[in-house]
Amino acid sequence: MIDLRFSEAELERRRDRITEFIRHQVDAAGADGVVLGLSGGIDSTLTGFLAVEALGADCVHGLVLPATVSSEGHMSDAERVAQILEISYDVIEIEPLVDSLLSAYPEAEGDREAVGNARARIRAVLNYLVANHESRLVVGTGNRSEAAVGYFTKYGDGAVDCHPIGNLYKGQVRQLAHHVGVPEELAEKTATAELWADQTDEDELGISYEMLDDILATHIDGPLSVAATCRLLEIDEETVEMVRRMYEQTEHKRNAPPAPEPLE
Ligand SMILES: NC(=O)c1ccc[n+]([C@@H]2O[C@H](COP(=O)([O-])OP(=O)(O)OC[C@H]3O[C@@H](n4cnc5c(N)ncnc54)[C@H](O)[C@@H]3O)[C@@H](O)[C@H]2O)c1
Ligand SMILES: Nc1ncnc2c1ncn2[C@@H]1O[C@H](COP(=O)(O)O)[C@@H](O)[C@H]1O
Ligand SMILES: O=P(O)(O)OP(=O)(O)O
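None of these values were measured; they are calculated from a predicted model.

**Q** Just to check I follow, could you spell out the packing of aromatic side chains for this structure?
**A** In this description, a pair of aromatic rings is defined by centroid distance and the angle of the planes. Under the counting rule described, the total for this entry stands at zero aromatic pairs. In this structure, Lys170 is placed above the aromatic ring of Tyr209, and the distance from its NZ or CZ to the ring centre is 5.3 Å. In this arrangement the basic side chain of Lys253 is found over the ring face of Phe152, its NZ or CZ atom lying 5.0 Å from the centre.

What follows is the structure in structure tokens.
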């Protein structure tokens, strides 16, 4: 394993860079603030803390959007974050909207992945409903580790106006969260997409975030070959190749949809 942690000075610089970024995005769009989905997880919690630091509590609106598969613990943590930050927030149950989708297209009933992704997309629709109505931007919560392996729903949690923590690896998200004062028990929570019951990121991805971050930093985002990465991290080639495959196969999620070249 390699040590990707920031120094205290670097953490302060990251914090300043991200809060300046959020202010700039809002000012440049002439918006009145941001809307943010709060799941009780570390990414949305850190993003909420940084958005309030950047804009003030009045300019941040939280949405807590439980589904039947959401655990009570995560949803009460999400509300707790909104209360700590003293931001306005709404709690909107999304399962009636999922049911409407499935009554329109019952063929997808029981398809865990399709319905799970539909939950993420319903949340995106609600985020934009509020953002349009209140002249705000939708602020994303995705980090570099998730983005690099496509671990997000296309046009679901990926449907946002900016990604303030999009350059941080998951371990660095936790470190910055501690630094800005996120309570310990929230900063150390197990990551879960909660699109279906008992889902965890690391189980589904088949790799720990610690190892994923190391492979991304050295090989995918860094200069080392597969062989050099294996030697440095003392891991097998198959693990590095698996990450490389996830990165390559999900490129479409990180780019604008293509169109044919114009005719000459
Ligand atoms: N951050 C989180 O924790 C989080 C949040 C939401 C989802 N997730 C995870 O993300 C994953 C989302 O599922 P998914 O990736 O199967 O669904 P997706 O809908 O995000 O992406 C698949 C869709 O992309 C399109 N597509 C596929 N290959 C393509 C290509 N080569 N070019 C262009 N378009 C292409 C197709 O429309 C396909 O249906 C799941 O594993 C889910 O658990 C994680
Ligand atoms: N239950 C939720 N309420 C509001 N927003 C949510 C909820 N679950 C997820 N989100 C948003 O989506 C991103 C990504 O979610 P993962 O839990 O990592 O899948 C999350 O940060 C929230 O902004
Ligand atoms: O995106 P979040 O806030 O749900 O965090 P995590 O993915 O760690 O559960």
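**Q** Whenever I open this one, the side chain of Lys170 confuses me. Can you help?
**A** Mapped onto the elements of the fold, Lys170 is located in helix α7 (residues 170–180). For Lys170, a relative accessible area of 2% corresponds to the buried category. Apart from residues no more than four positions distant in its own chain, Lys170 is found in contact with Ile42, Asp43, Asn143, Ser145, Glu146, Ala191, Tyr209 and Asp213.

**Q** Can you help me understand the site of ligand 3 in this one?
**A** The immediate surroundings of ligand 3 are formed by Ser39, Gly41, Ile42, Asp43, Ser44, Glu146, Lys170, Ala191, Thr192 and Asp201. Ile42 has a polar backbone atom sitting 3.4 Å from an oxygen atom of ligand 3. Within the contact set of ligand 3, an oxygen atom lies 3.3 Å away from a backbone nitrogen or oxygen of Asp43. Contact with the protein chains hides 88% of the accessible area of ligand 3, taken as 270 Å² for the molecule alone. Sorting elements by how many residues they give to the shell around ligand 3 places helix α2 (residues 42–55) first, with three residues.

**Q** Before we go on, may I ask you to explain the environment of Asp32 in this structure?
**A** Looking at the element boundaries, Asp32 is found in the loop between α1 (8–29) and β1 (34–37). C-alpha of Asp32 to C-alpha of Leu65: the two residues are 33 residues apart in sequence and 22 Å apart in space.

**Q** Which parts of the structure should I look at to understand the pattern of salt bridges?
**A** Opposite charge on two side chains makes pairing possible when the charged atoms of those side chains draw close. Counted under the stated rule, the structure contains 12 salt bridges. Glu12 is paired through a salt bridge with Arg15; the nearest N and O atoms lie 3.1 Å apart. On the criterion of helical spacing, the pair formed by Glu12 and Arg15 is a turn pair, its members being three residues apart in helix α1. Residue Glu12 is classed as partly exposed on the basis of its relative accessible area, which comes to 32%.

**Q** Where do I start with the state of the cysteines in this structure?
**A** Covalent bonding between the sulfur atoms of two cysteines is what defines a disulfide. As enumerated under the stated definition, the model contains zero disulfides in all. In this model Cys162 remains outside any disulfide bridge; the closest cysteine sulfur is found in Cys59, 14 Å from its own.

**Q** Would you mind going over the UniProt feature "binding site: deamido-NAD(+)" (unreviewed entry) in the protein chain with me for this structure?
**A** If you check UniProt for "binding site: deamido-NAD(+)" (unreviewed entry), the listed places come out as Arg121, Lys154, Asp161, His252 and Lys253 in our numbering. Tracing the chain through its elements places Asp161 in the loop between α6 (144–148) and α7. When near neighbours in sequence (up to four residues on either side) are disregarded, Asp161 contacts Gln25, Tyr128, Leu137 and Val138. At a separation of 2.9 Å, a polar atom in the side chain of Asp161 contacts the side chain of Tyr128.

**Q** Even after reading the chapter, I still don't get helix α4 (residues 95–104), so can you show me in this structure?
**A** In an α-helix, one turn spans 3.6 residues, which is why side chains three or four residues apart end up on the same side. Burial in α4 covers these residues: Glu95, Val98 and Leu102. Burial along α4 is one-sided: seen end-on, the buried residues are contained in an arc of 55 degrees. Of the residues in α4, the exposed ones pointing more than 90 degrees away from the buried face are Ser103 and Ala104. On its buried side, α4 packs onto α5 (112–134).

**Q** I would appreciate a short explanation of the sheet that holds strand β2 (residues 60–64) in the present structure.
**A** Pairing between sheet strands relies on hydrogen bonds along the backbone, with the strands arranged either parallel or antiparallel. In spatial order, the strands read β3-β2-β1-β4; together these four strands make up an open sheet with parallel pairing. Strand pairing shows two members of the sheet lacking a second neighbour, β3 (88–91) and β4 (137–138), which therefore form its edges. Docked against the sheet, α5 engages β1, β2 and β4, running at close to 155 degrees with respect to β2.

**Q** Explanation requested: the packing of helix α10 (residues 209–220) against helix α11 (residues 226–233) in the structure shown.
**A** If you want to describe how two helices pack, look at the angle between their axes and the distance between the axes. One can describe the packing of α10 onto α11 by two numbers: an axis separation of 10 Å at closest approach and a directional angle of 140 degrees. Here α10 is positioned oblique relative to α11, judged by the angle of their axes. Crossing hand, α10 versus α11: right-handed. Where α10 abuts α11, its residues Asp214, Ile215, Thr218 and His219 lie against Val226, Thr229, Leu232 and Leu233.

**Q** Before we go on, may I ask you to explain the environment of Tyr151 in this structure?
**A** Here Tyr151 lies in the loop between α6 and α7. Residue classification places Tyr151 among the buried residues on the basis of a relative accessible area of 14%. In the structure, Tyr151 is positioned 54 residues away from Leu205 in sequence and 8.0 Å away in space, judged by C-alpha atoms. Discounting chain neighbours no more than four positions away, the residues touching Tyr151 are Glu146, Ala193, Gln199, Thr200, Asp201, Glu204, Leu205 and Tyr209.

Cut-offs used in this document
Residues numbered from 1 in each chain as written. Chains lettered and ligands numbered in written order. Predicted model: local features only at pLDDT ≥ 70, side-chain atom pairs only at ≥ 80, totals over all residues. Heavy atoms only, no water. Phe/Tyr/Trp six-rings, centres within 6.5 Å; stacked < 30°, edge-to-face > 60°. Lys NZ or Arg CZ within 6 Å of the ring centre and 35° of its normal. Helix = DSSP H or I, 4+ residues; strand = E, 2+ residues; numbered from the N terminus. Buried < 20%, exposed > 50% of the residue type's maximum accessible area, 1.4 Å probe, protein only. Contact = heavy atoms within 4.5 Å. Near = heavy atom within 4 Å. Polar contact = N/O pair within 3.5 Å; in protein donor to acceptor, adjacent residues only side chain to side chain. Areas by Shrake-Rupley, 256 points an atom, 1.4 Å probe, with all protein chains shown as cover. Salt bridge = Lys/Arg side-chain N within 4 Å of Asp/Glu carboxyl O. Disulfide = S-S within 2.5 Å. UniProt positions renumbered as here; feature names shortened; annotations may be inferred. Arc of directions from axis to C-beta. Pairing = 2+ DSSP bridges. Axes fitted to C-alpha atoms, helices over the stretch in contact; angles between N-to-C directions. Parallel < 35°, antiparallel > 145°, perpendicular 65-115°, else oblique. Left-handed = near helix turned anticlockwise from the far one by under 90°.

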